[in-house]
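So you can see what is in the structure, the chains are spelled out below.
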Amino acid sequence: MSVPPVYGMVLAAILFVIGLGGLLIRRNMVFVVISVEVMLNAGGLGFISAGARWAQADGQAVFLFLLAVAAAEAAIGLALILWLHHRHRTVDSDSARQMRG
Amino acid sequence: MTIAFVIAGTLSIIATLLAVSRSNTVHALLYLIGSLLALAVAFYTLGAAYAAVLEIMVYAGAIVVLLLFVVMIMNLGGRRKEEERALLGPSVWVGPSAVVLGVAVELAVVFASGLTPATESSYVSAQMVNAVVFGPYVIGVELASFLLLAGVVSAVHLGRRHQKVIETGSDSPPERSSEDRDPPGTGDRGESGPAWATRLHSKEVVE
């Protein structure tokens, strides 16, 4: 009756590929952050389905750490978006392809 | 329970595809919230109720709402009021509402059928998770605190006002005119030199 763990892995792979495609295709920095969040989330789903396979708590423990990583990534990514918008008046990631100093 | 997982996973895939392909940022974030809720249902059916609750509270409740706040602060798009009113048509909210309604109906069916994951063999309780996190993985908790501290410091550093940097960056590109090719050192630097050299000189004096 329980869910086969390979279903969770397949769903994690599909979500990861969607996030990777969005990361490669989109130029808007907000969508880049969204895609990275989707990819991190897919990784967490992989850990949880693997933990459910052996009924161990380690998968959810790693998911807790992934939450901390996602929170830090969101904070830094949003600060970068605000800096880019303040500096170049756009959120196009191509506007920051040249660095100075 | 497997059919609930399949439905939740399908909803999550559809909502994620819509989230990364929309042109409006706010709509994409609403679809992302729907995707995260569907994924929380998938976690629940996998026996990870604790992770499902954390997914809703931390991801959908904190991170995505923070993204929404930043998008609203930047006012991306900058629409007027009538355009905003035109955006409230059914074509805007039908998609996210369908996703969230699907998740809600599925949760109701799961709860009504009594298929709680407590009877499953793969159920992992919050007590087990926290006993592991604060037991063998306690060094990971310390490292996560370091990581969050670094995130806060870098966010504050990037969020400062860069007025001085922006001013010097905007007027520092020197114009390659004929006076630029004058050999340096001929005459007084503050009077006959190019304008940017004067600024550089005064900046050196100030500093």
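So, here is what we can say about the structure in this document. (Residues numbered from 1 in each chain as written. Chains lettered and ligands numbered in written order. Predicted model: local features only at pLDDT ≥ 70, side-chain atom pairs only at ≥ 80, totals over all residues.)

## Section: unusual backbone geometry
Residue and element names in this part refer to chain A. Note the cut-off: Comment: elements are numbered from the N terminus, with helices defined as DSSP H or I runs of at least four residues and strands as E runs of at least two. Counting other C-beta atoms within 10 Å of each residue's C-beta, where C-beta atoms are placed from the backbone, gives the exposure class: buried for 20 or more, exposed for 12 or fewer, partly exposed between.
Phi angles above zero are rare outside glycine, and A55 is one such case at about 55°. Its location among the elements puts A55 in the loop between helix 2 (29–54) and helix 3 (58–88). Looking at A55, the number of C-beta atoms within 10 Å reads 15, which means it is partly exposed.

## Topic: the interface of chain B and chain A
Our working definition: A pair of residues counts as a contact when their C-beta atoms, built from backbone coordinates, are separated by no more than 7 Å. Any residue that is not Ala, Val, Leu, Ile, Met, Phe, Trp, Tyr, Cys, Pro, Asp, Glu, Lys or Arg is counted as polar, Gly included; the first ten are nonpolar and the last four charged.
Across the contact, 52 residues belong to chain B and 50 residues belong to chain A. At the level of secondary structure, the elements contributing two or more residues to the side of chain B that touches chain A comprise helix 1 (2–21), helix 2 (25–45), helix 3 (49–74), helix 6 (126–133) and helix 7 (138–158) of chain B. Each residue belonging to the side of chain B that touches chain A can be placed in one class, and the counts come to 38 nonpolar, 13 polar and one charged.

## Points about the packing of helix 1 of chain B against helix 2 of chain B
How two helices pack is summed up by the angle between their axes together with the distance between the axes. Residue and element names in this part refer to chain B. Formally: Inter-axis angles, ranging from 0 to 180 degrees, are taken between N-to-C directions of lines fitted to C-alpha atoms, where helices are fitted over the stretch in contact. Oblique is the label for every angle not falling under 35 degrees (roughly parallel), over 145 degrees (roughly antiparallel), or within 65 to 115 degrees (roughly perpendicular). Should the near helix be turned anticlockwise from the far one by less than a right angle, the crossing is termed left-handed; should it be turned clockwise, right-handed.
Relative to each other, helix 1 and helix 2 sit at 160°, their axes nearing to 8 Å. When the axis of helix 1 is compared with that of helix 2, the two are roughly antiparallel. The crossing of helix 1 and helix 2 is left-handed. On helix 2, the residues that touch A4, F5, A8, G9, L11, S12, A15, T16, L18 and A19 of helix 1 are A28, Y31, L32, G34, S35, A38, L39, V41, A42 and T45.

## A short note on the environment of A155 of chain B
As for its placement among the helices and strands, A155 of chain B is situated in helix 7. For A155 of chain B and E106 of chain B, which are 49 residues apart along the polypeptide, the C-alpha to C-alpha distance reads 39 Å. Among all residues touching A155 of chain B, those that are not within four sequence positions of it are A75, I76 and A79 of chain A.

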